[in-house]
Amino acid sequence: MPRRVMLAPPENIMVRCENLVKIYKTTDVEVMALQGLDLEVERGELMGIVGASGSGKSTLLNMLGALDKPSAGSLFVDGKDLLKFDEKDLIKYKRETVGFVWQNNARNLIPYLTAIQNVEMPLLLSGHKNRQERARELLEMVGLGDRRNSLLGQLSGGEQQRVAIAIALSNNPSLLLADEPTGAVDTKTAAMVLDVFRDLNRQTGVTIIIVTHDTNLSKSIDRVVAIRDGRTSTEMLRKKAPLLSFDELEKMSEQQRAEHERLMSQSSEREELVVLDRAGRLQIPKEYLEALGIKGGDKVRVELEDGRISVYNSDYN
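Here goes a summary of the coordinates provided. In this convention, every chain numbers its residues from 1, walking through the sequence in written order. It should be noted that, the model being predicted, local features are given only for residues of pLDDT at least 70 and side-chain atom pairs only at 80 or more, the latter also being counted only at that level, while totals for whole chains, interfaces and linings use all residues. Calculation of side-chain values draws on the structure's entire complement of heavy atoms; hydrogens and water are dropped beforehand.

Brief notes about the overall build of the protein
Put simply, DSSP marks the helices as runs of H or I at least four residues long and the strands as runs of E at least two long, and each gets a number from the N terminus on. Helix and strand counts for the protein stand at nine helices and 13 strands. Working rule for contacts: check all heavy atoms of both residues, and any pair within 4.5 Å makes them a contact. By sequence separation, contacts in the protein at least 24 residues apart represent 65% of the contacts at least 6 residues apart. Per element, the accessible surface of the protein, about 18,100 Å² overall, is 49% carbon and sulfur. Note on areas: Shrake-Rupley with a 1.4 Å probe; residue coverage comes only from the protein chains shown.

Okay, here's the thing in structure tokens:
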């Protein structure tokens, strides 16, 4: 059988995963973290990936960040085929294409340095000539210009996370990955951190993917993909209404604010779409199957009726 040639996606696609599989093996156990996942992210998009613990979302993020390799499938980021990378290519990719924000600030920050010194560190390691000027610029972008000389212990959790975002932007990445960036802060601070991501996405056009277990994230981002059992299962799409930051809302007149609140209330309900992958597989939500009395592995009857595909509990189980 001839080997399938994987073609690079079009220019407007930043990320394309096709039939992505990841298997972790130990002496006694084999775990399939990704089971044929398909995903496409447009260049300049701000999107969220949600899923329960063990669903495969962090595994996917590690693949996109070149911290781990798929067992099978294809993975393109910024037009590059990551499965063809050698060690030199991987180092170059991490330095030039991708930025990472971790939930645990201990992985992002050096506690005995000031905010600006933390941002300068990766610039120093990469040989950036005007690192102090660039570090100040990055802290201004995340709203911490006036706290640049503060030690980390003098900053709140949300401010520390914004320093981490500035560090992730230091290499001017095409793709910014955030792993549970609001997991260690309260609800109000989480909203402020998400504001920073939205503002950066608008100002710089950087593609941002935020991974979280918090389904409330879907209220703040236009497109959210849900992963279940290692596969992309559904997409939650907001009926379009502008997402504004706290600063933007404060600058609006009362009439403008009332109109914005009306639009947001109309768009608060999301349409959840089940994703059909390129192999024709459909992952139906568990609650739907339970309502029909169908269990995983059961045979089902499928019929085409008036332009619709209907699924019935089979008599052959």
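Let us keep going from here.
Describing the packing of helix H5 (residues 157-168) against helix H6 (residues 187-204)
One can describe the packing of H5 onto H6 by two numbers: an axis separation of 10 Å at closest approach and a directional angle of 25°. Comparing their axes, H6 and H5 come out roughly parallel. The interaxial crossing formed by H5 with H6 has right-handed handedness. Listed contacts from H6 to Gly 158, Gln 161, Arg 162 and Ile 165 of H5 are Thr 189, Met 192, Val 193, Val 196, Phe 197 and Leu 200. Here an axis means a line fitted to C-alpha atoms, over the contact stretch when the element is a helix, while the angle between two N-to-C directions is reported on a 0 to 180 degree scale. Here the word oblique covers every angle except those under 35 degrees (roughly parallel), over 145 (roughly antiparallel) and from 65 to 115 (roughly perpendicular). In this scheme the crossing of two helices becomes right-handed for a clockwise turn of the near helix relative to the far one and left-handed for an anticlockwise turn of less than a right angle.

Re H5
Multiplying 1.5 Å by the residue count of a helix minus one yields the expected span of that helix. The terminal C-alpha atoms of H5 lie 17 Å apart, and with twelve residues this matches the ideal 16 Å at 1.5 Å per residue to within 8%. Partly exposed describes any residue whose relative accessible area lies between the buried limit of under 20% and the exposed limit of over 50%, with all areas from a 1.4 Å probe on protein chains only and scaled to the type maximum. Of all twelve residues that make up H5, eleven are buried, and the element is covered over most of its length. Taken together, the buried positions of H5 are occupied by Gly 158, Glu 159, Gln 160, Gln 161, Arg 162, Val 163, Ala 164, Ile 165, Ala 166, Ile 167 and Ala 168. Turning to H5, the residues buried within the fold contact strand E6 (98-101), helix H3 (115-125), helix H4 (131-141), strand E7 (175-179) and H6.

Here we look at the sheet that holds strand E1 (residues 13-25)
Hydrogen bonding along the main chain pairs the strands of a sheet, whether they run parallel or antiparallel. Pairing between strands requires that DSSP locate at least two bridges from one strand to the other. Strand order in the open sheet made by the four strands is E2-E1-E4-E5, with antiparallel pairing throughout. With partners counted over all chains shown, the strands left at the sheet margins are strand E2 (30-42) and strand E5 (80-81), one partner each. As paired elements, strand E4 (residues 72-77) and E5 share two bridges and run antiparallel to each other. In the strand pairing of E5, Phe 76 is matched with Asp 81. In this fold helix H1 (residues 57-64) packs onto E1, E2 and E4, with an angle of close to 120° to the strand it touches most, E1.

As for the nonpolar core
One finds Leu 139, Val 163, Ile 165 and Phe 197 to be the most contacted residues of the largest nonpolar core, which totals 35 residues. Here this core gets six residues from one element, more than from any other, and that element is H5. If near-sequence neighbours (up to four positions away) are discounted, Leu 139 is found in contact with Ala 115, Ile 116, Val 119, Leu 144, Gly 145, Arg 148, Val 163 and Ala 166. For the purposes of this section, nonpolar cores are sets of buried Ala, Val, Leu, Ile, Met, Phe, Trp, Tyr and Cys residues that join through side-chain atoms within 4.5 Å. Membership of the second largest hydrophobic core comes to 30 residues, among which are Met 14, Cys 17, Phe 100 and Leu 175.

Observations concerning the packing of aromatic side chains
What counts as a ring pair is set by centres within 6.5 Å for rings of Phe, Tyr and Trp (its six-membered ring), and what kind of pair is set by the plane angle: stacked under 30 degrees, edge-to-face over 60, tilted for all other angles. Taken as a whole and assessed by the stated rule, the structure comprises two aromatic pairs. For the ring pair Phe 85 and Tyr 93, a centre distance of 5.8 Å and an interplane angle of 65° mean the geometry is edge-to-face. Each of the two residues, Phe 85 as well as Tyr 93, counts as buried.

Quick notes on a nonpolar patch on the surface
Patches here: salt-bridge-free residues with over 30% relative accessible area, like charges joined within 9 Å, nonpolar side chains (Val, Leu, Ile, Met, Phe, Trp, Tyr) joined within 5 Å. Note on definitions: salt bridges are taken to be side-chain nitrogens of Lys or Arg within 4 Å of carboxyl oxygens of Asp or Glu. A surface patch of nonpolar side chains, amounting to about 420 Å² of accessible area, comprises Val 300, Val 302, Leu 304 and Ile 309. Counting residues per element, the nonpolar patch draws most heavily on strand E12 (residues 300-305), which supplies three residues. Here Val 302 shows up in strand E12.

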